[in-house]
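Next come the chains, spelled out residue by residue.
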Amino acid sequence: MTMVRQTKQRAAVIEVLQSARSHPDAAWIHAQVRGQLPSVSLGTVYRTLDALVRDGVVVTLERAGQATRYDYKHEGDTHHHAVCRGCGAIFDVDAAVIPTLPASALPAGFQVTDVRLEFLGVCPACHAQADATTSTAG
């Protein structure tokens, strides 16, 4: 892991990500950081996020046709994600409740450095909306 040079912009981006209750995109992060540093540019936020991703402090959640979302890796918090195909909401899933993959399932000699697991489906709100639409259409 490389050491990211600590600037006030990086500190502000990290602070915003640490306190985020969701998995924000760069535009949302930029808007929040501008509250602290009005002159910060969107480009600076993107470069900072890229550096934090390279350093392993932040992970990206990417979906075709949607803005990349970011998740701060809190110390000791190991989780995966459930992503709604309807509304795009992202939910944390505690990694401790997911069975581990036996080493024999991996190629011989393969060294795991990180695990990212995503569950794709439909959240309760979108499921209820689909049910309501189906029942009124029939």
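Residues numbered from 1 in each chain as written. Predicted model: local features only at pLDDT ≥ 70, side-chain atom pairs only at ≥ 80, totals over all residues. Heavy atoms only, no water.

Colleague: What should I look at first to understand the overall build of the protein chain in this one?
Modeller: Secondary structure assignment for the protein chain yields 4 helices and 5 strands. Start at the N end of the protein chain and walk to the C end: the helices and strands fall as α-α-α-β-β-β-β-β-α. Structurally, the protein chain occupies a C-alpha span of about 55 × 45 × 25 Å along its principal axes. Out of the 138 residues belonging to the protein chain, those deemed buried represent 33%. About 9,300 Å² of surface is accessible on the protein chain, with carbon and sulfur atoms providing 55% of the total. Measuring between centres, the 12 positive side-chain charges of the protein chain sit 10 Å from its 13 negative side-chain charges. (Helix = DSSP H or I, 4+ residues; strand = E, 2+ residues; numbered from the N terminus. Buried < 20%, exposed > 50% of the residue type's maximum accessible area, 1.4 Å probe, protein only. Areas by Shrake-Rupley, 256 points an atom, 1.4 Å probe, with all protein chains shown as cover. Lys, Arg positive; Asp, Glu negative; His and termini not counted. Charge placed at Lys NZ, Arg CZ, Asp CG, Glu CD.)

Colleague: Would you mind showing me how to read the nonpolar core here?
Modeller: The tendency in soluble globular proteins is for nonpolar side chains to be buried side by side. V13, L17, I29, V33, L49, V58 and Y70 are the most contacted members of the largest nonpolar core, which totals 17 residues. Put simply, the parts of the chain that give this core at least two residues each are α1 (8-19), α2 (26-36), α3 (42-54) and β2 (69-72). (Core = buried A, V, L, I, M, F, W, Y, C linked by side-chain atoms within 4.5 Å.)

Colleague: Explain the sheet that holds strand β5 (residues 118-121) here, please?
Modeller: To summarise the sheet geometry, strands pair through backbone hydrogen bonds and adopt either a parallel or an antiparallel arrangement. Taken together, 3 strands build an open sheet; the order of strands is β4-β3-β5 and the sheet is mixed. Both outer strands of the open sheet, β4 (90-94) and β5, are each paired with one neighbouring strand and no more. Strand-to-strand twist of the sheet, defined as the mean angle between neighbouring strand axes without regard to direction, takes the value 25 degrees. Examined bridge by bridge, strand β3 (residues 79-84) and β5 share 4 bridges and lie parallel to one another. Directly across from A82, in β5, lies its bridge partner F119. (Pairing = 2+ DSSP bridges. Axes fitted to C-alpha atoms, helices over the stretch in contact; angles between N-to-C directions.)

Colleague: In this structure, what is going on with the pattern of salt bridges? I would like to understand it.
Modeller: Throughout the structure, instances matching the rule amount to 2 salt bridges. Between R63 and E118 there is a salt bridge, and its shortest N-O distance comes to 2.3 Å. Of this pair, R63 sits in the loop between β1 (58-61) and β2 while E118 sits in strand β5; the two residues are 55 residues apart in sequence, bridging distant segments of the chain. Looking at R63, the relative accessible area reads 26%, which means it is partly exposed. A salt bridge links K73 to D114, with the shortest nitrogen-to-oxygen separation between them at 4.0 Å. Taken together, the positions of K73 in the loop between β2 and β3 and D114 in the loop between β4 and β5 put the pair 41 residues apart, joining distant regions of the chain. (Salt bridge = Lys/Arg side-chain N within 4 Å of Asp/Glu carboxyl O.)

Colleague: Would you mind showing me how to read α3 here?
Modeller: Given 3.6 residues to a turn, an α-helix orients residues that are three or four positions apart in the same direction. With 13 residues, α3 extends 18 Å between its outermost C-alpha atoms, agreeing within 8% with the 18 Å of an ideal straight helix rising 1.5 Å per residue. Residues of α3 that are buried in the fold lie against α1, α2, β1 and β2. Immediately downstream of α3, the backbone of G56 shows phi near 85 degrees, a positive value. (Expected span 1.5 Å × (residues − 1). Contact = heavy atoms within 4.5 Å.)

Colleague: Can you help me understand the packing of α1 against α2 in this one?
Modeller: Axes are the key here: two packed helices are described by the angle between their axes and the distance separating the axes. Between α1 and α2, whose axes approach to 9 Å, the crossing angle comes to 120 degrees. Put simply, α1 runs oblique to α2. The handedness of the crossing between α1 and α2 comes out as right-handed. Residues A12, V13, E15, V16 and L17 of α1 lie in contact with α2, whose contacting residues are W28, I29, Q32, V33 and Q36. (Parallel < 35°, antiparallel > 145°, perpendicular 65-115°, else oblique. Left-handed = near helix turned anticlockwise from the far one by under 90°.)

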